[in-house]
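# Chain and residue survey
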Amino acid sequence: MRTALDIATVFTLDRISLPGMTFPTLLQLSQKLYYYDMQITNQRSYLEAYLYFVLYNFPTRERLRHDICLVPDLIAAIDKWRLAFSKNYPKSGLPETSRKRRETTLFFLGNGQPLHDIVFIDTHEMIKLYSVHENWQSLDIRQRLRMHTGVLGEGGNEVTLNISGPKGNALPLKIPTAYPIKSRNMFQKKINFYIGFSFCGPKAFGMSSDEHQNDTVTRFSFEPPVTQRNWKSQMTLKQMIDALKGILCELGKTKLDPSRRVGLERERDDISKVMRKLIDG
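Quantities reported herein were computed from a predicted structural model and do not represent experimental measurements. (Residues numbered from 1 in each chain as written. Predicted model: local features only at pLDDT ≥ 70, side-chain atom pairs only at ≥ 80, totals over all residues. Heavy atoms only, no water.)

## Considerations on the packing of helix H3 (residues 47–57) against helix H4 (residues 71–88)
What counts here: Between N-to-C directions, angles cover 0 to 180 degrees, with each direction set by a line fitted to C-alpha atoms, over the stretch in contact for helices. Starting at the N terminus, helices and strands are each numbered in turn, a helix being any DSSP run of H or I of at least four residues and a strand any DSSP run of E of at least two. Angular relationships are summarised with four words: roughly parallel below 35 degrees, roughly antiparallel beyond 145, roughly perpendicular across 65 to 115, and oblique for the angles in between. Crossing chirality is assigned from the near helix's rotation relative to the far helix, an anticlockwise turn below a right angle marking it left-handed and a clockwise turn marking it right-handed. Contacts are residue-level and defined by heavy atoms, with any inter-residue pair within 4.5 Å sufficient. Polar here means any residue other than Ala, Val, Leu, Ile, Met, Phe, Trp, Tyr, Cys and Pro, which are nonpolar, and Asp, Glu, Lys and Arg, which are charged; Gly is therefore polar.
Close contact between H3 and H4 brings their axes to 10 Å; oriented N to C, the two are set at 155 degrees. Accordingly, the angle class assigned to the pair H3 and H4 is roughly antiparallel. When the axes of H3 and H4 are compared, the crossing they make is left-handed. Seen from H3, the contacting residues are Leu47, Tyr50, Leu51, Phe53, Val54 and Asn57; seen from H4, they are Asp73, Leu74, Ala77, Ile78, Lys80, Trp81, Ala84, Phe85 and Asn88. Looking at the contact of H3 with H4 residue by residue, the classes come out as 11 nonpolar, 2 polar and 2 charged.

## Some thoughts on unusual backbone geometry
Of note, Leu115 is a non-glycine position whose phi angle comes to about 85 degrees, a positive value. As for its placement among the helices and strands, Leu115 is situated in the loop between strand S1 (107–109) and strand S2 (118–120). Non-glycine residue Gln188 carries a positive phi angle of around 60 degrees. Along the chain, Gln188 falls in the loop between strand S5 (170–176) and strand S6 (190–198).

## Looking at the nonpolar core
The test is simple: Put simply, a nonpolar core is a bunch of buried Ala, Val, Leu, Ile, Met, Phe, Trp, Tyr and Cys residues held in one set by side-chain atoms that sit within 4.5 Å of each other. Each residue's exposure class comes from its accessible area (1.4 Å probe, protein chains only) as a fraction of the maximum for that residue type: buried when under 20%, exposed when over 50%, partly exposed otherwise.
Ranked by internal contacts, the top residues of the largest apolar core, which has 62 residues, are Val54, Phe58 and Phe197. Tallying contributions element by element places H3 first for this core, with 9 residues. Of all hydrophobic cores here, the second largest spans 6 residues; its members include Ile247, Leu264, Ile271 and Val274.

## A few points about H4
Threshold: Expected span of a helix: the number of residues minus one, times 1.5 Å.
For H4, which comprises 18 residues, the first-to-last C-alpha distance of 26 Å matches the rise-based estimate of 26 Å (1.5 Å per residue) to within 8%. For H4, the full list of buried residues reads Val71, Leu74, Ile75, Ala77, Ile78, Trp81, Ala84, Phe85 and Asn88. Taken together, the buried residues of H4 touch helix H2 (23–38), H3, strand S4 (158–164), S5, S6 and strand S7 (201–208).

Below you can see the structure in the form of structure tokens.
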């Protein structure tokens, strides 16, 4: 199930349709993977199970007509996700390890219909977005990412938003900010922001308000993923996804030279290992 979701998500990001790849199908797969992982005890949790479950079940206006999970179940999954991440990486909260590769944000909730409302942002794009706060307010980002509204907590490290599920029940959800907001004038005020997902859970990005569009935020250096000392270590995550997509397409051909197939399978495995190192840190 996890492999199927990996492949389907890669193709979805590039707007490539596969037979039977519909939002209800991916939704069902994400739920099966999550509830299966919940049955496993005394083992290292698969963070992908939480990532896909929350990513595909997070309510939007367009998703409410689908069989997404109830809001209490979503909030419970996010809480379990954070606990699982802390259990897998007990040192993740320390300052020197707070921005490891496993915490690199991979996906954002975007605008559009289900199956087209997940946005991948390349590592180099993330560097630019982290470096200059105003980049989050650009027309391109506003068109691609779905804007949410919530209240910024005291200290600028957390936002609270109300989310409504398929039954109309609205509950508050607290999401940490990806970086602290320094302007005290924004504390306890309504703000706009985007929601991104890494392997440590959802985070709020691009926090702003109508009155404080140009407020500055704390800057920090963003570390691009580095995996192993070969040519694949120089690839961005998007390049790895694109390469994997091309390999999978070619492997799907019925008439393929056996030696070529072996080489492609080796490349597929190599890239998968690099991506796994990126995920596990």
